[in-house]
Amino acid sequence: MCDQSWSGSGSTTPHVATQYCNNPNHLFEVTTTTCDMVAGGGSFGAGAGQYSGGDGMGGTGGGGGDGEPGNDDGLTPPNPCPRCPDFTTVPVLEPSEPAVHCDKLKELLKSAAVKNAIRALNSEQVFGGTKEKGYNLALNPQNKLIATEVPYQSTGESYVNYSQSAMLFGGIHCHLFSHFPMFSHADVAILSGFYTRHNYSGNNGVPDPTIPVHILVSEIGVYAISADDVESLNKLNSIYSNPDDRIGFQENMENKYRDLERREQKGEIITTKDYQEVFLKFLKENNLNISLYKTDEGLTEWAKLVLKNDLDNSINNDIILINCN
């Protein structure tokens, strides 16, 4: 939010953006505070730049309504604000990614076996084949990371059957040219299977929902998904325990991908970002706290992909990349 966006009390002059609005020193974020006023309650959304009125007090847009003009230090919003005089501000910071998944993913790329597995799958010859290929991610008896190829007889045109070993905590697989280039419904659901089967010998036997990981190698890149909490894995297990819920979950995702294909057939340019956005929206719509990551072509670093907060209520949802430091 820009401190120049506040108009003076009773002012009829519309706000005109200035160069200060592009200056990070003139940006601030407002923590949520609830006001108990005679006219009714309301709250300032963090960084939203607008007031949400309630109980007889109408909300206003990003212009800030009846607030006083901002001062010249660029960091303090107008104060006092007649509607909500008690609020705190902090400078807007670049988003930072917690290490919960980053550390694990970076460790995977330190393994020559994992890198070789990804590179073996990442080729037009494999994408143009008749059967998917995959690798098991597991720990050996010494709790060292290993990546072993899934036997040919355990793969098919649209599936890879990973090992049932208790040491298995994840897998790497590819999608053929004839399939959608982003994670399928089964690719997501298998995280629950990894979680329930793994013995967590590398974690003192303590189950941890953030350990299982599923990696996809496709024509649009190398991606990884991992759950943020056990509730999401339990929900997946519940969905797949009910035939009707499972079919609905599957059809919902596939219809979103097919819609992209139909748009492309009509001449619209469909990009990698479109598939990323569809997948992230699908997870959000189903209340699944599952994180999506993408690695670079050199397999040196990961970045988390998230939907940009849509503060202006537009229909566009850009993708933000948060690098794993």
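Above this note sits the structure.
Residues numbered from 1 in each chain as written. Predicted model: local features only at pLDDT ≥ 70, side-chain atom pairs only at ≥ 80, totals over all residues. Heavy atoms only, no water.

Caption draft 1: Inspection of the packing of helix α6 (residues 243-265) against helix α7 (residues 272-285) at higher detail. Contact geometry for α6 and α7: axes closest at 11 Å, N-to-C directions at 155°. Here α6 lies roughly antiparallel to α7, going by the angle between them. The two elements α6 and α7 meet at a crossing, and its hand is right-handed. Residues Phe249, Asn252, Met253, Lys256, Tyr257, Leu260, Glu261 and Arg263 of α6 touch α7, and the partners they reach there are Asp274, Tyr275, Val278, Phe279, Phe282 and Glu285. Here the residues of the contact of α6 with α7 are counted per class, giving 8 nonpolar, 1 polar and 5 charged. (Axes fitted to C-alpha atoms, helices over the stretch in contact; angles between N-to-C directions. Helix = DSSP H or I, 4+ residues; strand = E, 2+ residues; numbered from the N terminus. Parallel < 35°, antiparallel > 145°, perpendicular 65-115°, else oblique. Left-handed = near helix turned anticlockwise from the far one by under 90°. Contact = heavy atoms within 4.5 Å. Nonpolar A, V, L, I, M, F, W, Y, C, P; charged D, E, K, R; others polar.)

Caption draft 2: How the structure looks around the state of the cysteines. Scanning all chains against the criterion turns up 1 disulfide. A sulfur-sulfur separation of 2.0 Å characterises the disulfide bridge that pairs cysteine 102 with cysteine 324. Between cysteine 102 and cysteine 324, the S-S dihedral sits near -70°, and the bridge is therefore left-handed. Linking cysteine 102 in helix α1 (residues 99-109) with cysteine 324 in the segment after β15 (319-323), this pair joins segments that are 222 residues apart in sequence. Like cysteine 102, the residue cysteine 324 is buried in the burial classification. (Disulfide = S-S within 2.5 Å. Buried < 20%, exposed > 50% of the residue type's maximum accessible area, 1.4 Å probe, protein only.)

Caption draft 3: Seen up close, the packing of aromatic side chains. Scanning the entire structure with this criterion turns up 8 aromatic pairs. An angle of 70° between the planes, with centres 5.6 Å apart, marks the rings of phenylalanine 127 and phenylalanine 177 as edge-to-face. Highlighted residues: phenylalanine 127 in helix α3 (residues 124-127) and phenylalanine 177 in the loop between β10 (168-174) and α4 (185-197), separated in sequence by 50 residues. Of the residues examined, phenylalanine 177 reaches a relative accessible area of 40% and is grouped as partly exposed. Measuring from ring centre to ring centre gives 6.1 Å for tyrosine 240 and phenylalanine 249, while their planes differ by 75°; the resulting arrangement is edge-to-face. Here tyrosine 240 matches phenylalanine 249 in class, with each residue buried. Through a chain of ring-to-ring contacts, three or more aromatic side chains come together here, namely Phe180, Tyr257 and Tyr275. (Phe/Tyr/Trp six-rings, centres within 6.5 Å; stacked < 30°, edge-to-face > 60°.)

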